[in-house]
Amino acid sequence: MTVISATNLSKRYDDVLALDRVDLNVEAGETFGFLGPNGAGKSTFIDILLGFVAPSDGTMSVFGHDCQDDGVAVRERVGVLPEGYAPFDGLSGRQHVEYAIRSKDVDENPVDVLSRVGLRDDAARPATDYSKGMRQRLALAMALVGEPDLLVLDEPTTGLDPNGAAEMRTILREETDRGATIFFSSHVLEQVEAVCDRVGILQNGRLIATDTISGLRDAIGGGTKLVITPAAVDDDALDAVRRIDGVETAVERDGAIEATCTNDAKMDALVELHDAGVEVVNFRTEEASLEDMFVEFTGGARA
Amino acid sequence: MTWRVIARRDWRLLLDARLPKIALVGLVAVVSIAAYVYPVIGTEPITTSRFGAFVTGWLGGILPAIGVLFGYGAIAREHESGALRLALSMPHGRSTLVLGRFVGRAGVLAAAIVVGMMIAGALVVYPLGTLHPLRFLALVLLTVAHGATWVGIGVAASALVTTNRQALVLAVVALFVLVIVWDAVTAGAEAGVVAAGITDGPIRTVVQIGAQLDPGSAFDTLVTALAVSDRSAGAWYDGPTLALPVLIGWLFGPLSLAILRFKWRDLA
């Protein structure tokens, strides 16, 4: 069953094309990671999903409901952690959750929800006094109210310390275990890699890749990263590696050459360096990380 | 009915804030003082119906100011802070959000008006005044409608802009134009027409109708109509025939237009 369906989705702000003909389907039960550098269009996509902005062209539906014409029906089944939100003035953390409970017309104990995100002891404090990380936890608590079928989380780990990020990952796993679908936008690649079944990479408003992480790895030629430590690195050595068939990227990092390449090209790279007179002190191979793949797909842009 | 959830939240927020509480106490105090002095300085007979005509002058300045104060922060404050994103992540429609905010804020003002009027009614009736229950009820309802009109104008201003400061400026400009400028301009036009020797005819009628089209004049006309028994006197546009639709129009018009605009705009 398709949960999120975007067809030819475009959004233009004056002369800026924030989204450019995006087609995307997210299936029920999966955890989908949405990756992209700042300004790639991730938040615009989510803003359209939530009905905050209207697309210039194309359509988006969630559970078969059009996000513009039937936004309330969409949000009845969606829990949202929006980016750039602020808590309500004058309400405590508990009152925020109570507001979510009444808004969604469900019967839940706000203390239980707040305990789940680690805010039980701060429930009575005004939420405007919360730190950034606590605000993220509070928004997650409000999103979790009513066991939504879809969780939309826009940069959910912003402001969280490593423990907080780990706790959030645990909660997300619990949610997927009960059958929820998760749409997760982040520029923290480790977070996406840790929790997501499938990722989409957005750049300059265009969805340039959508696949599982292993699928993306295959797409860049087997996804092996070869780390070579030569006696000295120079441009000639890098160029020599880059010229080899099967080598996608070769960069210098901390005195080593990191090359993303097919399995077949690994030995060719070592031979080429030897022939070029470069002394190889050490080498090892690694699976390409999501960051390596992201750099490969976006041509060097950082998430 | 999710508008109730929103209205309840705004009701609580308003009652927890200091300035609205001071405004509400001030409103009740003004109405009560007016009721206390009315039997002393008013003309016979002392009735709750005639009290309405006496108190409109006192309410003419204070109700619009409190209404706008209650309304202008309804949407724009949260738009500016980012809390609007949280509010709209819940399963509320945008129209419902604006309507709920209006109902919650107007409800607080209405409760204060009812309390003030109950105290005032008792002060007018005891010991020598007369209670006209239906007309007094109508006076209370009209005063609530007038207060709600100004809350609606404040909420409308709030829904049309993106920052709290813009909403305050827009609401205060509306207040200034409708309370002060409107009367001054229509009085000037009336004087000009008379000076030109035009004592009747369509031009004079248009000028006189224009003077009745602001919410304050409509409220005054309706409250005065409650106090007089001879309803045949005066032109049709000086009575409830025009004033009632005008007040209803101001009550729902600005809010409806703002909802339409707010419903379809990008909130990024």
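Since this is a predicted model, take the numbers as computed values, not measurements. (Residues numbered from 1 in each chain as written. Chains lettered and ligands numbered in written order. Predicted model: local features only at pLDDT ≥ 70, side-chain atom pairs only at ≥ 80, totals over all residues. Heavy atoms only, no water.)

### Let's talk about helix α1 (residues 42–49) of chain A
All names here are of chain A. Heads up, the rule is: For every residue, the accessible area obtained with a 1.4 Å probe (protein chains only) is divided by the maximum for its type, and the residue is called buried under 20%, exposed over 50%, and partly exposed between those limits. The helix and strand labels rest on DSSP assignments: H or I over at least four residues marks a helix, E over at least two residues marks a strand, and numbering proceeds from the N terminus.
Of all 8 residues that make up α1, 7 are buried, and the element is covered over most of its length. Of the positions making up α1, those classed as buried are Lys42, Thr44, Phe45, Ile46, Asp47, Ile48 and Leu49. Following α1 by one or two positions, Gly51 has its phi on the positive side, about 80 degrees.

### Side note on the UniProt feature "transmembrane region" (unreviewed entry) in chain B
For clarity, the threshold we go by: UniProt positions are given in the numbering used here, feature names are shortened, and annotations may be inferred rather than shown by experiment.
The feature "transmembrane region" (unreviewed entry), as given by UniProt, occupies residues 21–41, 53–75, 102–124, 136–160, 167–185 and 242–262 of chain B in the numbering adopted here. As a span, residues 136–160 of chain B carries 100% helix and 0% strand, and end to end its C-alpha atoms are 36 Å apart.

### Structural notes on the sheet that holds strand β3 (residues 31–35) of chain A
Adjacent strands of a sheet pair through backbone hydrogen bonds, lying either parallel or antiparallel. Residues and elements named next belong to chain A. Stated precisely, the cut-off is as follows: Any two strands with at least two DSSP bridges between them are considered paired. Note on geometry: axes are lines fitted to C-alpha atoms, helical ones only across the stretch in contact, with angles between N-to-C directions running from 0 to 180 degrees. Whether two residues are in contact is decided by their heavy atoms, any of which lying within 4.5 Å being enough.
The mixed open sheet is built from 6 strands, whose spatial order is β6-β7-β8-β3-β9-β10. The open sheet is flanked by β6 (78–81) and β10 (206–212), the only strands paired with a single partner. Averaged over all adjacent pairs, the angle separating strand axes in this sheet is 15 degrees, with direction ignored. As defined by bridge partners, strand β7 (residues 150–154) adjoins strand β8 (residues 181–185) across 5 bridges and the pair is classed as parallel. Within the sheet, the bridge partner assigned to Leu150 lies in β8 and is Thr181. Contacting β6 and β7, helix α5 (residues 132–144) crosses the sheet at an angle of about 175 degrees to β6.

### Overview of the domain arrangement of chain A
To keep it simple, the criterion reads: Either an automatic procedure or a domain database provided the assignment from which the domain bounds are taken.
What the domain assignment lists for chain A is domain 1 (2–212) and domain 2 (221–287). The C-alpha-based centres of domain 1 of chain A and domain 2 of chain A are spaced at 40 Å.

### As for unusual backbone geometry
Following Glu44 of chain B, the chain continues to Pro45 of chain B via a peptide bond in cis, the omega torsion being -10 degrees. Structurally, Pro45 of chain B can be placed in the loop between α2 (18–41) and α3 (48–71). Positive phi is not limited to glycine here, since Glu155 of chain A has a value of about 50 degrees. Locating Glu155 of chain A in the fold gives a position in the loop between β7 and α6 (162–177). Residue Glu155 of chain A is classed as buried on the basis of its relative accessible area, which comes to 5%.

### Observations regarding the state of the cysteines
All names here are of chain A. Rules: Any two cysteine sulfur atoms lying within 2.5 Å of each other are counted as a disulfide.
As enumerated under the stated definition, the model contains 0 disulfides over all chains in all. The closest cysteine sulfur to the non-disulfide-bonded Cys67 is located on Cys196, 20 Å from its own sulfur. Cys196 sits in the buried class, given a relative accessible area of 9%.

### A word on the packing of helix α7 (residues 133–160) of chain B against helix α8 (residues 164–195) of chain B
Residue and element names in this part refer to chain B. Stated formally: Reported orientations rely on four angle classes, namely roughly parallel under 35 degrees, roughly antiparallel over 145, roughly perpendicular from 65 to 115, and oblique for the rest. Handedness of a crossing is defined here by the sense of rotation of the near helix relative to the far one, left-handed for an anticlockwise turn of less than a right angle and right-handed for a clockwise turn. Gly is put with the polar residues, along with every residue not named as nonpolar or charged; the nonpolar set is Ala, Val, Leu, Ile, Met, Phe, Trp, Tyr, Cys and Pro, and the charged set is Asp, Glu, Lys and Arg.
Between α7 and α8, the least distance of the axes is 8 Å, while the angle of their chain directions is 140 degrees. In terms of their interaxial angle, α7 and α8 are classed as oblique. As for the relative orientation of α7 and α8, their crossing is right-handed in sense. For the pair α7 and α8, the contacting residues are Trp150, Ile153, Gly154, Ala157, Ser158 and Leu160 in the first and Ala167, Leu170, Ala171, Ala174, Leu175, Leu178 and Val179 in the second. Here the contact of α7 with α8 is composed, by residue class, of 11 nonpolar, 2 polar and no charged.

### Focus: the interface of chain A and chain B
Put simply, the test is: Reported buried area values correspond to the accessible surface (1.4 Å probe) lost by two parts on association, with both partners' losses combined. Every case where a carboxyl oxygen of Asp or Glu lies within 4 Å of a side-chain nitrogen of Lys or Arg is listed as a salt bridge.
In this complex, chain A contributes 29 residues to the contact, which on the side of chain B involves 26 residues. Of the roughly 2,500 Å² buried between chain A and chain B on both sides combined, carbon and sulfur atoms contribute 60%. Between chain A and chain B we count 2 salt bridges in total. Between Arg85 of chain B and Asp47 of chain A there is a salt bridge whose closest N-O contact spans 2.6 Å. Considering every element that reaches the side of chain A that touches chain B, the biggest residue donor is helix α3 (residues 93–103) of chain A, with 6 residues. Of the residues contributing to the side of chain A that touches chain B, the split by class is 15 nonpolar, 6 polar and 8 charged.

### Description of the sheet that holds strand β5 (residues 65–66) of chain A
All names here are of chain A. Spatially, the 4 strands line up as an open sheet ordered β2-β1-β4-β5, and their pairing is antiparallel. Looking at which strands have only one partner, the edges of the open sheet turn out to be β2 (16–27) and β5. Here strand β4 (residues 57–62) pairs with β5 via 2 bridges, running antiparallel. Residue pairing for β5: Val62 is matched across the bridge by His65. Lying on the sheet, α1 is in contact with β1 (2–13), β2 and β4; it crosses β1 at an angle near 115 degrees.

### Remarks on the packing of α7 of chain B against helix α11 (residues 240–264) of chain B
Residues and elements named next belong to chain B. One can describe the packing of α7 onto α11 by two numbers: an axis separation of 8 Å at closest approach and a directional angle of 20 degrees. By the angle class used here, α7 and α11 are roughly parallel. Remark: the crossing between α7 and α11 carries left-handed chirality. Residues Leu142, Ala145, His146, Ala148, Thr149, Gly152, Ile153, Val155, Ala156, Ala159 and Leu160 of α7 touch α11, and the partners they reach there are Leu247, Trp250, Leu251, Pro254, Leu255, Ala258, Arg261 and Phe262. Taken together, the residues of the contact of α7 with α11 sort by class into 15 nonpolar, 3 polar and 1 charged.

### Topic: the nonpolar core
Put simply, the test is: In this description, a nonpolar core means a group of buried Ala, Val, Leu, Ile, Met, Phe, Trp, Tyr and Cys residues linked to one another through side-chain atoms lying within 4.5 Å.
Core analysis: the biggest nonpolar cluster contains 138 residues, and Ile4, Phe45 and Phe183 of chain A together with Phe51 and Met117 of chain B have the highest contact counts within it. Top element by residues in this core is helix α6 (residues 94–125) of chain B. It accounts for 11 residues. When near neighbours in sequence (up to four residues on either side) are disregarded, Phe51 of chain B contacts Val31, Ala34, Ala35, Tyr38, Met117, Ala120, Val124 and Leu139 of chain B. Counting 16 residues, the second largest nonpolar core, distinct from the first, contains Leu226, Ile257, Cys261 and Val278 of chain A.

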